[in-house]
Amino acid sequence: MPPQHEQQLSVIDGLTARPFPDEQGRPGASGWWSGPGFHLAVLRESQDFWEDRSTDVVEAAEGDLEADCAVLSAVLTERWGAPETVDLWPYLDADRTREPLGFLCGVAADMRMWRLPDGRRWLALTVGQADPEWQFQLLAAVGETSALG
């Protein structure tokens, strides 16, 4: 496995093991942030598209991150079984959507989700983009099972 994927899996393992903090925050300049009941991490980003939003450039960037997501998904499926595909659109309309779903539904349409062996948490991967000019992000999220509703 390439070092990039090993590093991404290390981040995922850290997120699944780390306790949730009492307050939301971003420790240092890290690519992750946490709060009560969640952790979110940017595993990889594409370029942004301020200068060039051509279809070829955008599709290639998204495809690269989707390929990373597929590799990580295969490893996680070996660990925990096949993921569920969770449609994020219903969380966009919910009045009391909890994090990390509140963030994820604003950048992605769905996520691949595994329920962790402890039964209290889930881990998800998705590729999202907050705005057409912004970069695509490969995201890992850990949340409390109760956040799924």
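Notes on the structure in this doc start here. (Residues numbered from 1 in each chain as written. Predicted model: local features only at pLDDT ≥ 70, side-chain atom pairs only at ≥ 80, totals over all residues. Heavy atoms only, no water.)

## Section: the overall build of the protein
Summing up its helical and strand segments, the protein has four helices and six strands in all. Put simply, the protein runs from its N terminus to its C terminus through helices and strands in the order α-β-β-α-β-α-α-β-β-β. In terms of overall dimensions, the protein is globule-like: its C-alpha atoms have a radius of gyration of 15 Å, near the 15 Å expected for 149 residues. Expressed along its principal axes, the backbone C-alpha trace of the protein runs to roughly 45 × 40 × 30 Å. Expressed as a percentage of its 149 residues, the buried residues of the protein come to 40%. Considering only intrachain contacts with a sequence separation of at least 6, the fraction spanning at least 24 residues in the protein is 59%. (Helix = DSSP H or I, 4+ residues; strand = E, 2+ residues; numbered from the N terminus. Rg over C-alpha atoms; globule rule 2.2 N^0.38 Å. Buried < 20%, exposed > 50% of the residue type's maximum accessible area, 1.4 Å probe, protein only. Contact = heavy atoms within 4.5 Å.)

## A closer look at the packing of aromatic side chains
The final tally for this structure, using the stated rule, is two aromatic pairs. Ring geometry for Trp33 against Phe103: centres 5.4 Å apart, planes inclined by 85°, an arrangement best described as edge-to-face. Taken as a pair, Trp33 in strand β1 (residues 32–35) and Phe103 in helix α4 (residues 101–104) lie far apart in primary sequence, 70 residues in all. Residue Trp33 is classed as buried on the basis of its relative accessible area of 10%. (Phe/Tyr/Trp six-rings, centres within 6.5 Å; stacked < 30°, edge-to-face > 60°.)

## Some points on the nonpolar core
Formed by 23 residues in total, the largest nonpolar core has its most connected members in Ile12, Leu43 and Leu125. Breaking this core down by element, the ones donating at least two residues are α1 (3–17), β2 (38–45), α2 (55–80), β5 (121–128) and β6 (137–144). Discounting chain neighbours no more than four positions away, the residues touching Leu43 are Gln8, Val11, Ile12, Leu72, Leu125, Leu138 and Ala140. Judged by nonpolar contacts, the second largest core, of 19 residues, contains Tyr91, Cys105, Trp122 and Leu148. (Core = buried A, V, L, I, M, F, W, Y, C linked by side-chain atoms within 4.5 Å.)

## A word on a negative patch on the surface
A surface patch of negative charge is lined by Asp48, Glu51, Asp52, Asp56, Glu59, Glu62, Glu66, Asp87 and Asp110. Among the elements that take part in the negative patch, α2 stands out by supplying four residues, more than any other. For Glu51, the position within the fold is in the loop between β2 and α2. (Patch = residues over 30% accessible without salt bridge, like charges linked within 9 Å, V, L, I, M, F, W, Y side chains within 5 Å. Areas by Shrake-Rupley, 256 points an atom, 1.4 Å probe, with all protein chains shown as cover. Salt bridge = Lys/Arg side-chain N within 4 Å of Asp/Glu carboxyl O. Lys, Arg positive; Asp, Glu negative; His and termini not counted. Charge placed at Lys NZ, Arg CZ, Asp CG, Glu CD.)

## Things to note about the packing of α1 against α2
Angle between the axes and distance between the axes: these two values describe a pair of packed helices. Running from amino to carboxyl end, α1 crosses α2 at an angle of 50°, the nearest separation of the two axes being 11 Å. Relative to α2, the element α1 lies oblique. Regarding α1 and α2, the two cross each other, and that crossing is right-handed. Of α2, the residues touching α1 (which contributes Gln4, His5, Gln8, Leu9, Ile12, Asp13 and Thr16) are Asp68, Val71, Leu72, Val75, Leu76, Arg79 and Trp80. When grouped by side-chain class, the residues that make up the contact of α1 with α2 number seven nonpolar, four polar and three charged. (Axes fitted to C-alpha atoms, helices over the stretch in contact; angles between N-to-C directions. Parallel < 35°, antiparallel > 145°, perpendicular 65-115°, else oblique. Left-handed = near helix turned anticlockwise from the far one by under 90°. Nonpolar A, V, L, I, M, F, W, Y, C, P; charged D, E, K, R; others polar.)

## Description of the environment of Ala82
Among the structural elements, Ala82 can be located in the loop between α2 and β3 (84–87). Take Ala82: its relative accessible area is 64%, and that puts it in the exposed class. Taking C-alpha positions, Ala82 is 9.1 Å from Arg112, a pair spaced 30 residues apart along the chain.

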